[in-house]
Amino acid sequence: MSDEAIQATNDDASMCKRYAVEKGYWKDPFIDLLVKLGERKAPEINRGYFARVEGIRTLLEKFLRLTECKGQVVSLGAGFDTTLWRLKDADLVPSSYVEVDFRAVTSRKCQRIRSRDKLMSSLAEMSGGIEHVQISDAELHCKHYHIVWADLRNLEQFENKLNSCGIDKCLPTLFLAECVLVYMPMEKSNELLSWISSKFDSAVFVNYEQVNMLDRFGQVMVNNLRSRKCDLCGIEPCSSLKTQEQRFTSNGWTSSCAIDMMDIYHHLPDLDRIVRLEFLDETELLEQLLTHYCICTAYKDSKNIGLSSISPKS
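In this report, the structure presented in the accompanying data block is examined. The numbering scheme is per chain: residues are counted from 1 as the chain's sequence reads. Residues qualify for local features only when their pLDDT is at least 70, as the model is predicted, and side-chain atom pairs are given and counted only at 80 or more; totals for whole chains, interfaces and linings, by contrast, use all residues. Heavy atoms from the whole structure form the basis of all side-chain values; hydrogens and water molecules are not counted.

## Re a negative patch on the surface
Within the patch definition used here, like charges are joined within 9 Å and nonpolar side chains (Val, Leu, Ile, Met, Phe, Trp, Tyr) within 5 Å, considering only residues with over 30% relative accessible area and no salt bridge. Here the open area of atoms and residues is found with the Shrake-Rupley method and a 1.4 Å probe, where only the protein chains shown may cover a residue. For salt bridges, the criterion is a side-chain nitrogen of Lys or Arg within 4 Å of an Asp or Glu carboxyl oxygen. The convention is simple: Lys and Arg are positive, Asp and Glu are negative, and His and the chain ends are not counted. Charge positions come from single atoms, namely NZ of Lys, CZ of Arg, CG of Asp or CD of Glu. Together, Asp281, Glu282, Glu284 and Glu287 make up a region of like negative charge exposed at the surface. Within the secondary structure layout, Asp281 lies in the loop between helix 11 (271-275) and helix 12 (284-290). Since its relative accessible area comes to 64%, Asp281 is described here as exposed. Counting from the N terminus, the helices are DSSP H or I runs at least four residues long and the strands are E runs at least two residues long. To sort residues, take the accessible area from a 1.4 Å probe on protein chains only and compare it with the maximum for the residue type: under 20% means buried, over 50% means exposed, and anything in between is partly exposed.

## Overview of the packing of aromatic side chains
Two aromatic rings from Phe, Tyr or Trp, using only the six-membered ring of Trp, form a pair when their centres are within 6.5 Å; if the ring planes differ by under 30 degrees the pair is stacked, by over 60 it is edge-to-face, and anything between is tilted. Evaluated as defined, the whole model comprises 10 aromatic pairs. Aromatic side chains Trp85 and Tyr145 sit 5.4 Å apart centroid to centroid with 75° between the ring planes, which places their arrangement in the edge-to-face category. Taken together, the residues Trp85 in helix 3 (residues 83-89) and Tyr145 in strand 5 (residues 145-149) connect sequence positions 60 residues apart. Looking at Trp85, the relative accessible area reads 0%, which means it is buried. Grouped by ring-pair contacts, the aromatic residues Phe158, Phe175, Trp195, Phe200, Phe205, Phe248 and Trp253 constitute a single cluster.

## A look at the sheet that holds strand 3 (residues 134-136)
At least two bridges found by DSSP between two strands are what make those strands a pair. On the basis of which strands lie adjacent, the open sheet formed by nine strands has the order 3-4-5-2-1-6-7-9-8 and mixed pairing. Of all the strands in the sheet, just strand 3 and strand 8 (255-260) have a single pairing partner and so form its edges. Each strand axis lies, on average, 15° off the axis of its neighbour in the sheet, ignoring direction. Note on contacts: a residue pair is in contact if any heavy atoms of the two residues lie within 4.5 Å. Axis lines are fitted through C-alpha atoms, for helices just across the contact stretch, and the angle between N-to-C directions can take any value from 0 to 180 degrees. Where helix 2 (residues 43-66) meets the sheet, its contacts fall on strand 1 (72-76), strand 6 (173-178), strand 7 (202-210) and strand 9 (293-301), and the angle it forms with strand 6 comes to roughly 170°. Contacting strand 2 (96-101), strand 3, strand 4 (139-142) and strand 5, helix 4 (residues 103-114) runs over the sheet at an angle of about 140° to strand 5.

## A few points about unusual backbone geometry
At Asp91, a position not held by glycine, the phi torsion is positive, near 55°. With respect to the element layout, Asp91 can be found in the loop between helix 3 and strand 2.

## Remarks on helix 9 (residues 241-249)
Those residues of helix 9 not exposed but buried are Gln244, Arg247 and Phe248. All buried residues of helix 9 project into a common sector of 95° when viewed along the axis, lining one side. The directions from the helix axis to the C-beta atoms form the arc being described.

## Thoughts on the side chain of Gln244
Turning to its location among the elements, Gln244 is positioned in helix 9. On the basis of relative accessibility, which here comes to 0%, the residue Gln244 falls in the buried class. Side chain to side chain, Gln244 and Arg247 meet in a polar contact 3.3 Å long. Here Gln244 is in contact with Asn207, Glu209, Gln210, Val211, Pro237, Cys238, Ser256, Ala258, Cys294 and Cys296, once residues within four sequence places are set aside. Pairs of N or O atoms within 3.5 Å make up the polar contacts considered here, provided that, within protein, one atom can donate a hydrogen while the other can accept it, and that residues adjacent in sequence are counted only when both atoms are side-chain atoms.

## So, the environment of Lys27
Mapped onto the elements of the fold, Lys27 is located in the loop between helix 1 (3-22) and helix 2. Placed 110 residues apart in sequence, Lys27 and Asp137 show a C-alpha to C-alpha distance of 32 Å.

## Quick notes on the packing of helix 1 against helix 2
Their axes nearest at 9 Å, the elements helix 1 and helix 2 cross at an angle of 100°. Considered as vectors, helix 1 and helix 2 are oriented roughly perpendicular to each other. Every residue of helix 2 that contacts helix 1 at Ala13, Cys16, Lys17, Tyr19 and Ala20 is listed here: Ile45, Asn46, Tyr49, Arg52 and Val53. Across the contact of helix 1 with helix 2, the residue classes break down as seven nonpolar, one polar and two charged. Note on angle classes: values under 35 degrees are labelled roughly parallel, values over 145 roughly antiparallel, values of 65 to 115 roughly perpendicular, and the remainder oblique. Amino acids outside the nonpolar list (Ala, Val, Leu, Ile, Met, Phe, Trp, Tyr, Cys, Pro) and the charged list (Asp, Glu, Lys, Arg) are all regarded as polar, and Gly is one of them.

## Some remarks on the packing of helix 6 (residues 155-164) against helix 7 (residues 186-199)
Packing of helix 6 against helix 7 brings their axes to within 11 Å, and their N-to-C directions diverge by 40°. The pairing of helix 6 with helix 7 is recorded here as oblique in orientation. For the crossing formed where helix 6 meets helix 7, the hand is right-handed. Across the interface between the two elements, Leu155, Phe158, Glu159 and Leu162 of helix 6 pack against Glu191, Leu192, Trp195 and Lys199 of helix 7. By residue class, the composition of the contact of helix 6 with helix 7 is five nonpolar, no polar and three charged. Note: crossing handedness is left-handed where the near helix turns anticlockwise from the far helix by less than a right angle, and right-handed where it turns clockwise.

Structural data, given as structure tokens:
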């Protein structure tokens, strides 16, 4: 599978999020500055993305409040994500927010940020002046926010890039991945998870990914992606919620918890409003989709600051 095919999944996911925002599922005043509006998406897709965004947002904000914004966030395969600007508006910017992706992706994102006054002025305000926002070599560095390129399959390169951002391995750090590990060979994702757990004293990992992929619907998903030259070479841990949890506990993490997106969807606080946005003829396809994705969290908490509470069950 080519890296270009993996990078194309960023465009797909970003346009799905942009469309859902246009339909009113959630507010994001920045996404239109980075992502073009694509074709119409089915209501099931929009509801699925709402559950994904809301589920991750809840966990991220819980971590930031728990650490009083003195921790760090490392977003793996961040793509055209706008979370940093939304956190700034909510006064929840952590000490360091680092995004990592392929160079081809970070290059495009940096170019778009540079050309958008609203995004640049926000970073300038956060950094104490536009002169403190540095964009070069497909990377962005400013106070609290960094965009860097690295291949997550190359741990030496990844560590060097984190070091260039001033990441402190002694600070509580949340790692976030949305459909990233599944595109890595399992031995490489295991190496990554093991490296993080061995280097960071206090860490949380939030992983959004496929699950229950051994059943008939799961195989249809695999075949559809394969037809787009997008093989899921790291699919083995996506067999069940249990295997999702085991991938972390077998790589040095203290504990792990995985819940499928259908469960998360049913517990969303804004669900009454969401179901009125678009008519859904039947819920069977929605249930099939949401039971084949999950959010899995894992933690290490050597300082006992309460990281076990960053869980989709809490």
